[in-house]
Structure formats: C-alpha cells, structure tokens
Amino acid sequence: MKLSVEKLVEITGGKIVVGEKSACEFGISTDTRTIQKEELFIPLKGENFDGHDFIKAAVEKGCGGFFTEKGLSEVAQRDYKGYVIKVDDALEAYLRIARYARREINPQIVAVTGSAGKTSTKELIFCVLATTFRTHKSALNYNNEIGLCRTLLSMPNDTQYAVVEMGMRGLGEIELLSKYSEPDIAVITNVGTAHIGRLGSIENIAKAKCEITSYLKKGGLFLS
C-alpha cells in the first residue's frame, strides 16, 4: 500500500522535519537492500542493530525519504532533498501504518498461533480459502510484529481474506499482534511446552496463546 506523506504523518502522529506535505504517495520499506525510490525507509531496532545506522545506505539507494526517532543532524544533512518524518517510536509507527492498511482494505483476518503446527495450519487455511476468495497470507513464518506489518502492507487492495501467523517468546507479544491486526477469526492449534523455559508453566503458555483473542472483532470466531 502506498500513502501520502500527509496521511503517514496523520497515522503515525509524526512530524515532517524535511519536505513539504504533498499528494506524492510512498510505500514503506525496512530493507536497504531492496528499497526503491518510491518508498520511505523506516529504521527498526533489534537486539544487535539500530536501523538508524542504515539510513545513509537507504538514502544512497535513492529512497524517497525516511522516518527517524533522532534529531535531523544525527541522521541527515540539512540540505537533504527527500522527506524526513520524526516519530517517537519507529516500530509503533510501522504497526500503526500496517493497522491502517488492515482497516482500509478490510479483509477477514484469520490469525493462527500454537505451540506447534501453526505454519502448516496457516498454509492449509490459505489453500482452502484461496479456492473461493482472494486470499493473502504471511510469507514463510513471518510471525512477529515486523512480519505482521510486512504481511498487512503487502496485501493487494482486493484482498478478501488474510491468514496471519502469530508467534511469541513471552507474555504480551501475541496481544500486540492481535491489537494491530484485529482478527475476525482466531485459531490456536495447541498448547505445548516449547516456551516453558521463558514462561515457567503450561498455564502461562496457554495464557500467552489466548492473547490472540484480545482484539478479536465483536462477533468473531475463536477455534481451538
């Protein structure tokens, strides 16, 4: 999905620090290896990296601009000709943009989680739905917050169903995915002991998996 800078600022609560509001529309990218001129770079952070360190590479690739959590002098020259949008949290901005796409395209979202078999179940659900409906799915096992954003933002505008996989490492993570995907149908394949080292008990694992229903649409369907 491509959106105007003005709309992106509205969605994320950000502020344009370089560039003017215009009708030009841009996609979103987190990967400097594949970024295009009609995309804006969003610098995500991980345990061992900070996407802000790759802004220079994105600019050199000719991207349309970038988001930043930092001051302009820390990430770009003041005569930079692209767009720069300042946000408090790049990941939250990415999630908000993804949720906007979810609401605008408005497919039925089928969310799948479980201690085992969630990728296979996702694929089976997709295969069945795709026989009748225009259906989209998470690629591979893109089952964290970044994968969710990529899945929702890559949906064709005529998508009728989207099947998304949700993984977790601890409490609160699936709730976050549920919040920004707003499932219509939630599926838990099973509850096992795969994360017992992190969560301490089978009860906590079950609690974490059940977070998939936290933002289930009113009248939605829960299968377990």
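For the structure, see preceding data.
Residue numbers run consecutively from 1 along every chain, following the written order of its sequence. The model is predicted, so local features are restricted to residues of pLDDT at least 70 and side-chain atom pairs to those at 80 or more, both for listing and for counting; the totals for chains, interfaces and linings are taken over all residues. Calculation of side-chain values draws on the structure's entire complement of heavy atoms; hydrogens and water are dropped beforehand.

Engineer: Just to check I follow, could you spell out the overall build of the chain for this structure?
Structural biologist: Every helix listed is a DSSP run of H or I at least four residues long, and every strand listed is a run of E at least two residues long, numbered separately from the N terminus. Check the secondary structure of the chain and you find nine helices and eleven strands. To get the radius of gyration, use the C-alpha atoms; to get the globule rule, take the number of residues to the power 0.38 and multiply by 2.2 Å. A compact globule built from 224 residues should have a C-alpha radius of gyration of about 17 Å, and the chain, at 19 Å, falls within 12% of that. For the C-alpha atoms alone, the extent of the chain along its principal axes is close to 55 × 40 × 30 Å. Per-residue burial over the chain gives 48% buried out of 224 residues. Working rule for contacts: check all heavy atoms of both residues, and any pair within 4.5 Å makes them a contact. Long-range contacts, defined here as pairs at least 24 residues apart, represent 65% of the contacts in the chain between residues at least 6 apart. Summed over all atoms, the accessible surface of the chain reaches about 11300 Å², with 48% contributed by carbon and sulfur. Asp and Glu are treated as the negative residues and Lys and Arg as the positive ones, with His and the ends of the chain left uncounted. Charge positions come from single atoms, namely NZ of Lys, CZ of Arg, CG of Asp or CD of Glu. Taken as two groups, the 29 positive and 28 negative side-chain charges of the chain have centres that lie 1 Å from each other. Relative accessibility decides the category of a residue: with a 1.4 Å probe and only protein chains considered, values under 20% of the type maximum give buried, values over 50% give exposed, and everything between is partly exposed. Here the accessible surface of atoms and residues is derived via Shrake-Rupley with a 1.4 Å probe, and residues count as covered only by protein chains that are part of the display.

Engineer: Before we go on, may I ask you to explain the sheet that holds strand S5 (residues 65-68) in this structure?
Structural biologist: Sheet strands pair via backbone hydrogen bonds, and the direction of the pair is either parallel or antiparallel. Strand order in this open sheet of six strands is S1-S3-S4-S5-S6-S2, and the pairing throughout is mixed. On the outer flanks of this sheet lie strand S1 (3-4) and strand S2 (15-18), each paired with one strand and no other. If DSSP finds at least two bridges between two strands, the strands pair. Across four bridges, S5 lies against strand S6 (residues 83-86) in parallel orientation. Bridge pairing in S6 links Thr 68 to Lys 86.

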